[in-house]
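Take a look at the letters that make up each chain.
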Amino acid sequence: VTALGKATGDVVLKFEPFVLHVLCQELQDAQLLHSVAVDSGFRNSGITVGRGGKIMMAVRSTHCLEVPLSHKGKLMVSEEYLEFLIHVANRKMEENT
């Protein structure tokens, strides 16, 4: 809250979820890993095949959070809401673990 009071620009609370990139030898390996990831709740997972044939499987969670807190130095949320956001972000971090 003290740091937000000193901010002169825009401040955003941003939480980015777990991401794991796995280089796979075969497309079948990537497809199997993708199925396991999605079934485990990592719904933003995907497979990318590069120009050189490199197969990359990304395991991604949907636990993102991005909330503006201040605009041009003016705090746009209450301290109570800020505490709530911190609780939500910490819970998402625990889910990542």
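Residues numbered from 1 in each chain as written. Predicted model: local features only at pLDDT ≥ 70, side-chain atom pairs only at ≥ 80, totals over all residues. Heavy atoms only, no water.

Undergrad: What's the story with the overall build of the protein in this structure? I'm lost.
TA: Secondary structure summary: the protein contains three helices and six strands in total. Reading the secondary structure of the protein in the N-to-C direction produces α-β-β-α-β-β-β-β-α. A globule of 97 residues ought to have a C-alpha radius of gyration of about 13 Å, yet the protein, at 19 Å, is considerably larger. Looking at the protein residue by residue over its 97 residues, the buried ones come to 26%. Accessible area for the protein stands at about 7000 Å²; split by element, carbon and sulfur atoms hold 54% of it. Here the protein holds 10 positive side-chain charges and 11 negative ones, and the gap between their average locations is 8 Å. (Helix = DSSP H or I, 4+ residues; strand = E, 2+ residues; numbered from the N terminus. Rg over C-alpha atoms; globule rule 2.2 N^0.38 Å. Buried < 20%, exposed > 50% of the residue type's maximum accessible area, 1.4 Å probe, protein only. Areas by Shrake-Rupley, 256 points an atom, 1.4 Å probe, with all protein chains shown as cover. Lys, Arg positive; Asp, Glu negative; His and termini not counted. Charge placed at Lys NZ, Arg CZ, Asp CG, Glu CD.)

Undergrad: I keep staring at the pattern of salt bridges and nothing clicks. Help me out?
TA: Where side chains of opposite charge bring their charged atoms close, a pairing between them can arise. Counted according to the given criterion, the structure contains one salt bridge. For Glu16, the salt bridge identified is with Lys14, shortest N-O distance 3.1 Å. Take Glu16: its relative accessible area is 53%, and that puts it in the exposed class. (Salt bridge = Lys/Arg side-chain N within 4 Å of Asp/Glu carboxyl O.)

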